[in-house]
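Structural overview
Listed below are the residues making up each chain.
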Amino acid sequence: MAAPEKVKGPASYFPSIEKTYGHPMAHWFDLVKQQQGKKHMEIVAWLKAEHGLGHGHANAIVAHCLAAAK
């Protein structure tokens, strides 16, 4: 029996984001959706400035949301 495949890409950050900031991923996805029309790095900067996220965590959330919107 093969081991379960390890999560890769932005989703690999999700457990750490939930643990560190105390909110489910749906919370962060909803916040990003409210920033429609802004560029990737503008949203990353906003998450960092307004919500105290680290760069890697903010980038993973935005990358996931923007990829899902395509």
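Residues numbered from 1 in each chain as written. Predicted model: local features only at pLDDT ≥ 70, side-chain atom pairs only at ≥ 80, totals over all residues. Heavy atoms only, no water.

Section: the environment of Trp28
For Trp28, the position within the fold is in helix α2 (residues 25–33). Assessed through its relative accessible area of 2%, Trp28 is described here as buried. Sequence separation between Trp28 and Leu47 is 19 residues; the distance between their C-alpha atoms is 9.0 Å. Not counting chain neighbours up to four residues away, the residues in contact with Trp28 comprise Ile17, Tyr21, His23, Leu47, His51, Leu53 and Ile61. (Helix = DSSP H or I, 4+ residues; strand = E, 2+ residues; numbered from the N terminus. Buried < 20%, exposed > 50% of the residue type's maximum accessible area, 1.4 Å probe, protein only. Contact = heavy atoms within 4.5 Å.)

Considering the layout of surface pockets
Within this model, the largest pocket holds a volume of roughly 150 Å³. Lining the largest pocket are Val32, Lys33, Gln35, Gln36, Gly37, Lys38, Ile43, Cys65, Leu66 and Ala69. Those elements giving two or more residues to the lining of the largest pocket turn out to be α2 and α4 (55–69). A per-element tally of the lining of the largest pocket places α4 first, with 3 residues. Split into classes, the residues belonging to the lining of the largest pocket amount to 5 nonpolar, 3 polar and 2 charged. (1 Å grid on protein atoms, 1.4 Å probe; cavity = no way out; pocket = protein on both sides within 12 Å on 5 of 7 lines; lining within 4 Å. Points joined across faces, edges and corners; volume = space filled by probe spheres on them. Nonpolar A, V, L, I, M, F, W, Y, C, P; charged D, E, K, R; others polar.)

Remarks on the packing of helix α1 (residues 14–21) against α2
α2 packs onto α1 with a crossing angle of 95 degrees between their chain directions and a minimal axis gap of 9 Å. Considering the angle they form, α1 stands roughly perpendicular to α2. Note on element contacts: α2 touches α1 through Met25, Trp28 and Phe29, opposite Phe14, Ile17, Glu18 and Tyr21. A class-by-class count of the residues in the contact of α1 with α2 yields 6 nonpolar, no polar and 1 charged. (Axes fitted to C-alpha atoms, helices over the stretch in contact; angles between N-to-C directions. Parallel < 35°, antiparallel > 145°, perpendicular 65-115°, else oblique.)

Digging into helix α3 (residues 40–51)
Between its terminal C-alpha atoms α3 stretches 16 Å, which fits the 16 Å expected from 12 residues at 1.5 Å a residue. Three or more residues of α3 are buried, namely Ile43, Val44, Trp46 and Leu47. Considered in projection along α3, the buried side chains sweep an arc of 160 degrees and stay on one side of the axis. Contacts made by the buried residues of α3 are with α2 and α4. Immediately downstream of α3, the backbone of Gly52 shows phi near 70 degrees, a positive value. (Expected span 1.5 Å × (residues − 1). Arc of directions from axis to C-beta.)

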